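Notes for the structure review
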Amino acid sequence: MAKPPVVPTRPPCQLYLITPPAIPDLAAFANDLEAALDAGEVAALQIRLKDVDDAAVLAAVAALKPIAQARGVAVILNDRPDLAARSGCDGVHLGQGDASLSEARAIMGRDAMIGVTCHDSRELAMDAAEAGADYVAFGAFFPTTTKETVFRPDPEILTIWQETVEVPCVAIGGITAANAGALAGAGADFVAVSSAVWTHPDGPAAAVRELTELLKANA
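From a predicted model like this one, the values you see are computed outputs, not experimental measurements.

Reading the values: rules and limits
Residues numbered from 1 in each chain as written. Predicted model: local features only at pLDDT ≥ 70, side-chain atom pairs only at ≥ 80, totals over all residues. Heavy atoms only, no water. Buried < 20%, exposed > 50% of the residue type's maximum accessible area, 1.4 Å probe, protein only. Helix = DSSP H or I, 4+ residues; strand = E, 2+ residues; numbered from the N terminus. Pairing = 2+ DSSP bridges. Right-handed = clockwise from strand over helix to strand, strands pointing away. Core = buried A, V, L, I, M, F, W, Y, C linked by side-chain atoms within 4.5 Å. Contact = heavy atoms within 4.5 Å. Axes fitted to C-alpha atoms, helices over the stretch in contact; angles between N-to-C directions. Phe/Tyr/Trp six-rings, centres within 6.5 Å; stacked < 30°, edge-to-face > 60°.

This part takes up the pairing of strand 5 (residues 113-117). With 4 of 5 residues buried, strand 5 is to be regarded as a mostly interior element. As judged from the 4 bridges shared by strand 4 (residues 91-94) and strand 5, these two strands associate in the parallel manner. When the bridges of strand 5 are listed, His93 appears paired with Gly115. With respect to chirality, the unit in which strand 4 leads through helix 4 (residues 101-108) into the neighbouring parallel strand 5 is right-handed. Where strand 5 lies against strand 6 (residues 135-139), 3 bridges are found, and the strand directions are parallel. Directly across from Gly115, in strand 6, lies its bridge partner Tyr135.

What follows is about the nonpolar core. Counting 67 residues, the largest nonpolar core has Leu15, Leu17, Ile47, Phe138, Leu158, Trp161 and Val191 as its most contacted members. Of all the elements, helix 2 (residues 54-69) adds the most residues to this core, at 7 residues. Each residue touching Leu15, except ones within four places of it in the same chain, is listed here: Glu41, Val42, Ala43, Ala44, Val191, Val193, Val208, Leu211 and Leu215. Core analysis: the second largest hydrophobic core is formed by 11 residues, Tyr16, Ile18, Ala74 and Val170 among them.

Spatially, the 8 strands close up into a barrel ordered 1-2-3-4-5-6-7-8, and their pairing is parallel. Averaged over all pairs of adjacent strands, the angle between their axes in this sheet comes to 25 degrees, without regard to strand direction. The strands touched by helix 4 within the sheet are strand 4 and strand 5, with strand 4 carrying the most contacts at an inclination of about 165 degrees.

A full pass over the atoms with the stated rule returns 3 aromatic pairs. Seen from their ring centres, Phe138 and Trp161 are 5.7 Å apart, and the 75 degrees between their planes marks the pair as edge-to-face. Note that Phe138 is positioned in strand 6 and Trp161 in helix 6 (residues 156-164), a separation of 23 residues in sequence. Given the relative accessible area of 0%, Phe138 is considered buried.

See below:
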């Protein structure tokens, strides 16, 4: 009788932080980031700034990257593999309208971490995985004020992905302490959080502490 296939056990769901789309006071935000990263376990920080020039992006990376990397947190730049490579980021996150995965890999090298937004589509995610993505991102699962969203996947997409594909998946969009546990339970390898951390009434450190404890409880 044939043995059933052995599915590798995945590590517990981890926290993936995303910066606000605008950082008016970089020095103050750097202090908030330092406190947040010291408060709990964070796997990655995505620097995602909108409607700013290249100099502002590079300045943000220069200020925030040392804080994250000193704590073992991977630094991912949104959209721009050219600036990610130039500034020494650990990786880049690509939207469907950004550079292709192959272009990003050519720019950043084989060891870079490259993630791809796949909205609510397993087909897009499979294409990305087959092309060599290090992770795929599904969302937005809930309404969010961080960016305009069109797609609203069902959490079941995380379960199906978890059961069939080894490439990690990130859940994104409107995630808070009230719903992160459900997404972790559904199969997310990472939950991406932005405004729920940076606008928390008790501060970013309290938010990260709460989310870290919640994810551990759902492991």
